[in-house]
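# Structural characterization, general
This is what each chain is made of:
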Number of protein chains: 2
Amino acid sequence: MTTLIETFAALSDPTRLDVIERLMAEGELPAGALVENTQMSAPAMSRHLKVLRHAGLVEQRVAGTSRLYSVRPEALKAIADWTMDHRTFWEAGMARLDAHLALEEGEGE
Amino acid sequence: MTTLIETFAALSDPTRLDVIERLMAEGELPAGALVENTQMSAPAMSRHLKVLRHAGLVEQRVAGTSRLYSVRPEALKAIADWTMDHRTFWEAGMARLDAHLALEEGEGE
DNA sequence: ACCATTATTAACATAAGTGTTAATTAACGA
DNA sequence: TCGTTAATTAACACTTATGTTAATAATGGT
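This is a predicted model, so every value here is computed, not measured.

Rules behind the numbers
Residues numbered from 1 in each chain as written. Chains lettered and ligands numbered in written order. Predicted model: local features only at pLDDT ≥ 70, side-chain atom pairs only at ≥ 80, totals over all residues. Heavy atoms only, no water. Near = heavy atom within 4 Å. Polar contact = N/O pair within 3.5 Å; in protein donor to acceptor, adjacent residues only side chain to side chain. Helix = DSSP H or I, 4+ residues; strand = E, 2+ residues; numbered from the N terminus. Contact = heavy atoms within 4.5 Å. Core = buried A, V, L, I, M, F, W, Y, C linked by side-chain atoms within 4.5 Å. Buried < 20%, exposed > 50% of the residue type's maximum accessible area, 1.4 Å probe, protein only. Pairing = 2+ DSSP bridges. Axes fitted to C-alpha atoms, helices over the stretch in contact; angles between N-to-C directions. Least-squares fit on C-alpha atoms with pLDDT ≥ 70 in both. Expected span 1.5 Å × (residues − 1). Arc of directions from axis to C-beta.

### Concerning the protein's contact with DNA strand C
Of all residues adjacent to DNA strand C, which total 24 residues, the nearest are Ser41(A), Arg47(A), His48(A), Gly32(B) and Tyr69(B). Here a phosphate oxygen of DNA strand C and a side-chain polar atom of His48(A) are 2.3 Å apart. Contact distances for DNA strand C include 2.3 Å between a phosphate oxygen and a side-chain N or O atom of Tyr69(B). Breaking the surface near DNA strand C down by element, the ones donating at least two residues are helix H4 (42–54) of chain A together with helix H3 (31–36), helix H4 (42–54) and strand E3 (66–71) of chain B. Here the surface near DNA strand C takes 5 residues from H4(B), the largest share from any one element.

### Concerning the side chain of Thr83(B)
Examined against the element boundaries, Thr83(B) turns out to sit in helix H5 (residues 73–85). Once you skip the residues sitting within four places of it in the chain, Thr83(B) turns out to touch Ile79(A), Ala80(A), Thr83(A) and Trp90(B).

### Some thoughts on the protein's contact with DNA strand D
The immediate surroundings of DNA strand D are formed by 24 residues, with Ser46(A), Tyr69(A), Ser41(B), Arg47(B) and His48(B) found nearest. Each atom of DNA strand D within 4 Å of the protein was classed as base or backbone; sugar and phosphate made up 62%. Taking Tyr69(A), its side chain carries an N or O atom lying 2.3 Å from a phosphate oxygen of DNA strand D. Here a phosphate oxygen of DNA strand D and a side-chain polar atom of His48(B) are 2.3 Å apart. Mapped onto the surface near DNA strand D, the elements with two or more residues apiece are helix H3 (31–36), H4 and strand E3 (66–71) of chain A together with H4 of chain B.

### Considerations on the nonpolar core
Grouped together as the largest cluster of nonpolar side chains are 56 residues, with contacts concentrated most on Leu57(A), Trp82(A), Leu57(B) and Trp82(B). Beyond its immediate stretch of four places on either side in the chain, Leu57(A) contacts Thr7(A), Ala10(A), Leu11(A), Ile20(A), Leu52(A), Ser70(A), Val71(A), Arg72(A), Ala75(A) and Leu76(A).

### Focus: the sheet that holds E3(B)
Residues and elements named next belong to chain B. Pairing is antiparallel in the open sheet, where 3 strands are placed in the order E1-E3-E2. Each edge of the sheet is formed by a strand with only one pairing partner; in this case those strands are strand E1 (29–30) and strand E2 (58–63). In this structure, E2 lies alongside E3, joined through 6 bridges in antiparallel fashion. Bridge pairing in E3 links Val 62 to Arg 67. Across the sheet, H4 is in contact with E2 and E3; its angle to E2 comes to roughly 120°.

### Here we look at the relation of the copies chain B and chain A
Each copy of the sequence occupies a distinct position, and chain B is placed on chain A by a rotation of 180° and an axial shift of 0.0 Å, giving an RMSD of 0.1 Å. In symmetry terms, the pair is related by a two-fold rotation axis. Every residue of chain B has its C-alpha some distance from the rotation axis, and the shortest such distance is that of Phe8(B), at 2.5 Å. Taken as a fraction of all interface residues of chain B, those also at the interface in chain A reach 100%, which identifies the copy contact as same-surface.

### Some remarks on H4(A)
Residues and elements named next belong to chain A. The end-to-end C-alpha distance of H4, which contains 13 residues, comes to 18 Å, matching closely the 18 Å that a straight helix rising 1.5 Å per residue would cover. Where H4 is concerned, the buried positions are Met 45, His 48, Leu 49 and Leu 52. Looking straight down H4, one finds that the buried residues subtend no more than 100° of arc, so they occupy a single side. Away from its buried face, by an angle of more than 90 degrees, H4 presents the exposed residues Pro 43, Arg 47 and His 54. Those residues of H4 that are buried lie in contact with helix H1 (4–11), helix H2 (14–26), H3, strand E2 (58–63) and E3. Backbone geometry just downstream of H4 places Gly 56 in the positive-phi region, at approximately 80°.

Have a look at this one:
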């Protein structure tokens, strides 16, 4: 099992977050397609993909000379689960904030 | 506004993720209390708290010589919002996985 | 004023992350 | 088998992150 920390670390880089969002939007893509939209060399992207793979965020499928990458839904769900585990905390907090802001608004603050 | 990338980066360290979870569970705590449970020096923790603060994950309240830290619910909600923005993606993916696993089970795979 | 307490900033050492170019590996078609 | 295409690994440079101890700042009690 990959930890939540690894997952967050994997997503803490702009290139990698882009890759994830692109793969979610467009589906499975070869490494080459992921390099094209960036200013980055292929080796650099290759290593970012390795980080994502080790963190369990993407999986690789070999097809001829191409490596096709896709997002593993479990990884996304793990983050969703974590936020939901703490939902009562932040929902309560947001409600308090909303109430506070509404009060300030009413007072002409 | 702090970006999602900063948020993920802030949570990608074990010490910092612990701090966040502890603050959510126990509520506002002084820096000193957060150091006690760790093997870490106070200055190191102080800097972790600074990272969390700059990422908008916690806020600091001054009370005498103490600095009381608490989690900002907005930050947590930002992550929840992001996962929910992509919910259709990973829910569909999980459903596909479940179906696949059920099939394998039925086939005695 | 002085001292103790709480916490941060400064200065430094070391480890980890990220990019580059060059070299290597693997699949495919002529 | 030879050359082309797709991608990764190797070797290197440089920046960023993280920990330590020592020094500084600020509050509160006597």
